[in-house]
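Here are the chains, one letter per residue:
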Amino acid sequence: MRNRVTPAGEIVDVPLRGAWTGNRGVLHEGHEIVRFHGGDLWITCVLEFRSRWREQWLPGRYTHLYFHDEAVSFAAGHRPCGECRHAAYTAYRDAWGGRPSATEMNRQLHRERLHRGTHTRRVHELSWAGLPDGVFVRRGDRPELVLGDHLTEWTTTGYGTRRPRPSGGTVPVLTPPATIAVLRAGYPVQIDDSAR
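Now for a look at the structure at hand. Predicted, not measured: the structure shown is a model, and the values here were computed from it.

1. Here we look at the nonpolar core
- Within the largest apolar cluster, 34 residues are counted, with the highest numbers of intra-cluster contacts made by L131, F136, V137, Y159 and Y187.
- Only α1 (70–76), α2 (86–96), α3 (102–113), β10 (136–139), β11 (142–147), β12 (150–155), β14 (170–173) and α4 (177–184) provide two or more residues apiece to this core.
- With sequence-adjacent residues up to four places away left out, F136 is seen in contact with P7, A71, V72, A75, P143, E144, L145, W154, Y159, V173, L174 and T175.
- Core analysis: the second largest hydrophobic core is formed by nine residues, I11, W20, L65 and A76 among them.

2. Some remarks on the layout of surface pockets
- The volume enclosed by the largest pocket comes to roughly 480 Å³.
- Counting only elements with at least two residues in the lining of the largest pocket, the list comes to β3 (20–23) and β6 (43–45).
- Looking at the lining of the largest pocket element by element, the count peaks at three residues for β3.
- Among the residues making up the lining of the largest pocket, the classes are represented as ten nonpolar, five polar and five charged.
- One number sums up the size of the second largest pocket: a volume of about 230 Å³.
- For the second largest pocket, the lining is made up of 14 residues, of which T6, A8, E10, R138 and L174 are closest to its centre.
- Of the residues that constitute the lining of the second largest pocket, the class distribution is six nonpolar, three polar and five charged.

3. Quick look at the pairing of β14
- The side-chain alternation of β14 yields one buried face, formed by V171 and V173, and one unburied face, formed by T170 and P172.
- As defined by bridge partners, strand β9 (residues 124–127) adjoins β14 across four bridges and the pair is classed as antiparallel. Paired with E125 across the strands is P172, a residue of β14.

4. Regarding the environment of R111
- Residue position: R111 is located in helix α3.
- According to the relative accessible area criterion, R111 is partly exposed, its value standing at 47%.
- Engagement of the side chain of R111 in a polar contact is seen with the side chain of Q108, the distance being 2.5 Å.

Cut-offs and rules
Residues numbered from 1 in each chain as written. Predicted model: local features only at pLDDT ≥ 70, side-chain atom pairs only at ≥ 80, totals over all residues. Heavy atoms only, no water. Core = buried A, V, L, I, M, F, W, Y, C linked by side-chain atoms within 4.5 Å. Buried < 20%, exposed > 50% of the residue type's maximum accessible area, 1.4 Å probe, protein only. Helix = DSSP H or I, 4+ residues; strand = E, 2+ residues; numbered from the N terminus. Contact = heavy atoms within 4.5 Å. 1 Å grid on protein atoms, 1.4 Å probe; cavity = no way out; pocket = protein on both sides within 12 Å on 5 of 7 lines; lining within 4 Å. Points joined across faces, edges and corners; volume = space filled by probe spheres on them. Nonpolar A, V, L, I, M, F, W, Y, C, P; charged D, E, K, R; others polar. Pairing = 2+ DSSP bridges. Polar contact = N/O pair within 3.5 Å; in protein donor to acceptor, adjacent residues only side chain to side chain.

The structure is reproduced here in structure tokens:
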């Protein structure tokens, strides 16, 4: 089904399993994705919560999306859910600084992930220096995860080739700057072991 999310925020039909689910509103009609987002609330949720279960593709209900790991969801522009991931949400908010409301974080992330009035993805040209683990950059047409002194390519089948991380210059970054600051402040982002 077309409900897997890439680090660039695209919604694709690939077999890669997700460690997380989440949503960005009602995006479907029938079993087809017909819109990119339904507002500025983009969250990442656990796969199971209090034995709740809801059928996928229900009319007028949010569209379940799936992320390979939390680093992918952050790069796509999502944040932890305040209900099913309350501890993670609190840690993310506290690392943000100033204890912002969910609405304030949603608005800031929305400004940083899309060009205003469009569905065009924003990238941020940033220095390699200071990019924390868990950030996604774009090199050529491929997303790569920053992890220590190397980069790991993300593909629609999972993490792939590792390359040395450049030490100087700048790079287009997919992860929104507000989330980069959260990662710099020590938020423990979940990264699939295959990236290491």
